[in-house]
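# Summary of the model geometry
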Amino acid sequence: AAMIEKASIKSTDVVLEIGPGTGNLTLKLLEAAKKVVAVEHDGRMVVELQKRLHGTAEGRRLQLIHADVMKVELPFFNLCVANIPYQISSPLVFKLLAHPQRFRCALLMVQREFAQRLCAKPGDELYCRLSVNTQLLAKVDHLMKVSKNSFRPPPKVDSSVVRIEPRNPPPPVDFVEWDGLVRLCFNRKNKTLGAVFRQKPLLQLLADNLKTHRALVGAMAGGMAGGGGEGSSGGDGGAAPMETGGGGGGGLLAEVGELVEQVLEETGFAEERTAKLDQDDFLRLLAAFNAVGIHFAGC
């Protein structure tokens, strides 16, 4: 009941429910919403819910989808209310946020620690890649705690209800690039960025990426020039000659090392630690790396 109240459901809403089970929450959603789309993986629960709503007026406003929510293409919805299992919590959050039709918000009941990670701020012990990525794409609020004793049988851990409201319009960021940078940074979140980015294996990875990026830019420039003549080699690091030879080339590795030092000096982040960086810091860092031709897709 508290979840329904927090959802502020309108009579025009199409609500997505994930894992309706026997339908206790579903019935309450149907009382308030125009339509409920319920995705249930367990065939036994599907049969149970169909029996429960057979021949009722509410049943005609329920679209029941028997499928794994992570594998099905979700139809239109403008509100999501769900009690989601821990093992799919993270991928499900990002599946919802990637939905092509922008929805108003999602109210999700999740394990307490997962909720704390979603909402964590720079400097918090649980601040992590999940926190940064979710908060880039959405506003996240912790609404209430739910004791494990509220359930029968009780689970092993307490839960929380969080509200996730997608940013509209979405941020003008290449999420693959962003996630590549954030992943590298959080691999050693309590080290300084200087220590993280001066590691030889990471520099080699960035050198390989730069080599691939320059090859792609060169191929595109050659294609635009019709395959002959002098194709211009666009910006963003594309003008520099491409290294030949295996393993990224020692010359290219040294060049990447210099570019990394340049970025760390320009941004002033060499002595900063990932655990203390906020959204604006990561955006600034990504823009500075991209400006010198360093990219993180595939990292």
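This text follows the structure it describes.
Residues numbered from 1 in each chain as written. Predicted model: local features only at pLDDT ≥ 70, side-chain atom pairs only at ≥ 80, totals over all residues. Heavy atoms only, no water.

## What about the packing of aromatic side chains?
According to the stated counting rule, one finds 9 aromatic pairs in the structure shown. Both rings, one in tyrosine 127 and one in phenylalanine 186, keep their centres 5.7 Å apart while their planes meet at 70 degrees; by these two values the pair is edge-to-face. Here tyrosine 127, found in the loop between helix 5 (112–119) and helix 6 (129–137), pairs with phenylalanine 186, found in helix 7 (residues 175–186); they are 59 residues apart in sequence, far enough to count as distant. By relative accessible area, tyrosine 127 is classed as buried at 2%. With a centroid separation of 6.0 Å and an interplanar angle of 65 degrees, the aromatic rings of tryptophan 178 and phenylalanine 282 are classed as edge-to-face. With a gap of 104 residues between them, tryptophan 178 in helix 7 and phenylalanine 282 in helix 11 (residues 279–291) connect regions that are remote in the sequence. Accessibility assignment for this pair places tryptophan 178 and phenylalanine 282 in one class, buried. Members of the aromatic cluster, joined through ring pairs, are Tyr127, Trp178, Phe186 and Phe282. (Phe/Tyr/Trp six-rings, centres within 6.5 Å; stacked < 30°, edge-to-face > 60°. Helix = DSSP H or I, 4+ residues; strand = E, 2+ residues; numbered from the N terminus. Buried < 20%, exposed > 50% of the residue type's maximum accessible area, 1.4 Å probe, protein only.)

## As for the pairing of strand 7 (residues 159–166)
For strand 7, the buried fraction is high: 6 of the 8 residues fall into the buried class. Across 6 bridges, strand 5 (residues 105–111) lies against strand 7 in antiparallel orientation. If you follow methionine 109 over to strand 7, its bridge partner there is valine 161. Here 8 bridges tie strand 6 (residues 138–146) to strand 7, and the two strands are oriented antiparallel to one another. Its bridge partner lying in strand 7, valine 146 is registered against serine 159. (Pairing = 2+ DSSP bridges.)

## A look at the side chain of arginine 112
Along the polypeptide, arginine 112 turns up in helix 5. A polar contact is formed between the side chain of arginine 112 and the backbone oxygen of serine 159, at a distance of 2.9 Å. Within the local environment of arginine 112, its side chain forms a polar contact with the side chain of serine 160, the two groups lying 2.7 Å apart. When sequence neighbours within four positions are dropped, the list of residues in contact with arginine 112 reads His142, Lys145, Val146, Asp158, Ser159 and Ser160. (Polar contact = N/O pair within 3.5 Å; in protein donor to acceptor, adjacent residues only side chain to side chain. Contact = heavy atoms within 4.5 Å.)

## Points about helix 4 (residues 89–97)
Among all positions of helix 4, only Ser89, Leu92, Val93, Leu96 and Leu97 are buried. For helix 4, the buried positions fall inside an angular range of 135 degrees around the axis, keeping them on one side. (Arc of directions from axis to C-beta.)

## Overview of a positive patch on the surface
On the surface, a cluster of positive charge is contributed by Arg188, Lys191, Arg273 and Lys276. By the element assignment, arginine 273 lies in the loop between helix 10 (250–267) and helix 11. Given the relative accessible area of 39%, arginine 273 is considered partly exposed. (Patch = residues over 30% accessible without salt bridge, like charges linked within 9 Å, V, L, I, M, F, W, Y side chains within 5 Å. Areas by Shrake-Rupley, 256 points an atom, 1.4 Å probe, with all protein chains shown as cover. Salt bridge = Lys/Arg side-chain N within 4 Å of Asp/Glu carboxyl O. Lys, Arg positive; Asp, Glu negative; His and termini not counted. Charge placed at Lys NZ, Arg CZ, Asp CG, Glu CD.)

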